[in-house]
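# Report on the structure
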Amino acid sequence: MTVRHRDRVPPLVWDAVLPALLLLNVVTTYPAPELPVAAALTAALALPLVWRRRAPVAVFAAVVAAAFVQWLVDVQLPADVALLVALYTAAAHTGRRGTLLAAVVVEGGAVLACLRWASNGAFLTPFVALSATVVAAAVLGVNVRTGRAYLAAVQERAERLALHQEQQALLAVAEERARITREMHDIVTHNLSVMVALTDAAVYAQHRSPDRATAAMLQISETGRQALTDMRRSLGVLRADEPDAERHPLPGIAQLAALAGQMAGAGLPTGLEVRGGHAHVPATAQLTVYRLVQEALTNTLKHTPAGTRATVLVECSAGSVGVEVTDSGPRPAAPSTTAPSSGHGIPGMRERAAAYGGTLRAGPLPGGGWGVRTRLLLGSGGAGAA
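One structure accompanies this document, and this report is about it. (Residues numbered from 1 in each chain as written. Predicted model: local features only at pLDDT ≥ 70, side-chain atom pairs only at ≥ 80, totals over all residues. Heavy atoms only, no water.)

## Description of the side chain of Gln70
- Looking at the secondary structure, you find Gln70 in helix α5 (residues 56–73).
- Judged by relative accessible area, Gln70 falls into the buried class, the value being 1%.
- Within the local environment of Gln70, its side chain forms a polar contact with the backbone oxygen of Val75, the two atoms lying 2.7 Å apart. (Helix = DSSP H or I, 4+ residues; strand = E, 2+ residues; numbered from the N terminus. Buried < 20%, exposed > 50% of the residue type's maximum accessible area, 1.4 Å probe, protein only. Polar contact = N/O pair within 3.5 Å; in protein donor to acceptor, adjacent residues only side chain to side chain.)

Below you can see the structure in the form of structure tokens.
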């Protein structure tokens, strides 16, 4: 409470306390004949201290000038303590050179005072005492200045750290949004493309082959449920009462066979070959492989005519995973191959591959058809690839 009340009082009021006490001391202790000179010199020495925080160098110069006049008229005053206060203030607000200069000036004043007012020629004892007070005032001021600079540096560092943390949080949010955008694009585009193809097939077969139409409708329903499951998982809002969502694992290399079957049911015969074991491949890398294959097959389904066939080749080694998706159908270059990356389609696939140090190549094949190739380096992290 004492600190709180002290902080409410303006600094100017605190700085006026010492001059007021020194003037009160002169008025109450000096005889009438000596009072005018003593009061004037005391005011000249003490009153500038009221403004010592605003102009420390100017106040120090004014106090030194008043002390020199006092020495010239040969009057000893308790207000000489104002020199030490002015020295402390100058040391607390100026640099090393200014502090040294101010200390030398006050020390010179101490020498002059001891030469004139030392009793019985005893110079050494008062000189040592005054020199000690001068050094103490200067050191105290330097310590205050150093502490203030340290606190300012700590505060600046804390502010930079807070700004850095805020920037990292914003980057994390942006990365999470980009991840969700890629996931939503892959999930929605793929499943809607499959559902549209199955719906067209069901409409075509509803009169000629009702059984095939029913099977297509059931597959549409299953595809929709799988899409909802993937969306819930990607958005991180799975609930405890969603057994269907909990039953499905995170898509990976093992689910590529089901993906190939789904694409075949939608009208795109897809061959799959997985070389090497994939048990050592991290789950996030497997999800990246799955999404790359899913996006490539979805593009094939959307951009090629009926009768096109697709082939998926996944090569797993100790330190990398190669992915190659090719098809046999003619297809013009997709606009997204030359457009700036927006996180969708082929640009989104490139971002996924780049997260694992891979470079994705997509384009027409020399013998016809379209191909997508990349190799993911498992030692490249890929924390954001999923």
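From this point, the narrative continues.
## Description of the packing of α5 against helix α7 (residues 96–117)
- Between α5 and α7, the least distance of the axes is 11 Å, while the angle of their chain directions is 15°. When the axis of α5 is compared with that of α7, the two are roughly parallel. Crossing of α5 against α7: the hand is left-handed. Residues Phe60, Val64, Gln70, Trp71 and Leu72 of α5 lie in contact with α7, whose contacting residues are Ala102, Val105, Val106, Leu112, Ala113, Arg116 and Trp117.
- For the contact of α5 with α7, the residue count by class is 10 nonpolar, 1 polar and 1 charged. (Axes fitted to C-alpha atoms, helices over the stretch in contact; angles between N-to-C directions. Parallel < 35°, antiparallel > 145°, perpendicular 65-115°, else oblique. Left-handed = near helix turned anticlockwise from the far one by under 90°. Contact = heavy atoms within 4.5 Å. Nonpolar A, V, L, I, M, F, W, Y, C, P; charged D, E, K, R; others polar.)

## Some words on the sheet that holds strand β4 (residues 361–364)
- As summarised here, the arrangement of the 5 strands in space is β1-β2-β3-β5-β4, forming an open sheet in which the pairing is mixed. Lying at the two open borders of the sheet, with one neighbouring strand each, are β1 (270–275) and β4. The mean angle between the axes of side-by-side strands here comes to 10°, regardless of whether they run parallel or antiparallel.
- As paired elements, β1 and strand β2 (residues 310–316) share 6 bridges and run parallel to each other. Across the sheet, the residue bridging to Leu272 is Val312, located in β2.
- Against the sheet, helix α12 (residues 283–303) contacts β1, β2, β3 (320–327) and β5 (370–377), and its axis sits at roughly 10° relative to β3. (Pairing = 2+ DSSP bridges.)

## A word on the nonpolar core
- With 35 residues, the main nonpolar core has Leu256, Val289, Val293, Leu297, Val314 and Val321 as its most contacted residues.
- Of all the elements in the fold, those that place two or more residues in this core are α8 (124–205), α11 (256–265), α12, β2, β3, α13 (345–354) and β5.
- Residue contacts for Val293: discarding those within four places in its chain leaves Leu256, Leu259, Val312, Val323 and Val325.
- In this structure, Ala38, Leu45, Ala79 and Val134 belong to the second largest nonpolar core, which totals 28 residues. (Core = buried A, V, L, I, M, F, W, Y, C linked by side-chain atoms within 4.5 Å.)

## Some words on a nonpolar patch on the surface
- There is a patch of nonpolar side chains on the surface, built from Phe68, Val69, Leu72, Val73, Leu112 and Leu115 and spanning about 540 Å² of accessible area.
- Mapped by element, the contributors of at least two residues to the nonpolar patch are α5 and α7.
- Ranked by residue count, the leading element in the nonpolar patch is α5, at 4 residues.
- For Leu115, a relative accessible area of 60% corresponds to the exposed category. (Patch = residues over 30% accessible without salt bridge, like charges linked within 9 Å, V, L, I, M, F, W, Y side chains within 5 Å. Areas by Shrake-Rupley, 256 points an atom, 1.4 Å probe, with all protein chains shown as cover. Salt bridge = Lys/Arg side-chain N within 4 Å of Asp/Glu carboxyl O.)

## Looking at the pattern of salt bridges
- Applying the stated criterion across every chain yields a total of 5 salt bridges.
- The salt bridge partner of Arg275 is Glu273, with a shortest N-O separation of 2.9 Å.
- Under the relative-accessibility criterion, Arg275 is labelled partly exposed at 38%.
- Residue Glu315 pairs with Arg375 through a salt bridge whose shortest N-O separation is 3.3 Å. Taken as a pair, Glu315 in strand β2 and Arg375 in strand β5 lie far apart in primary sequence, 60 residues in all.
- Residue Glu315 is classed as partly exposed on the basis of its relative accessible area of 29%.
- Taking the relative accessible area as the measure of exposure, Arg375 reaches 35% and is therefore partly exposed.
- Through salt bridges with shared partners, a single network forms among Glu273, Arg275, Glu315 and Arg375.

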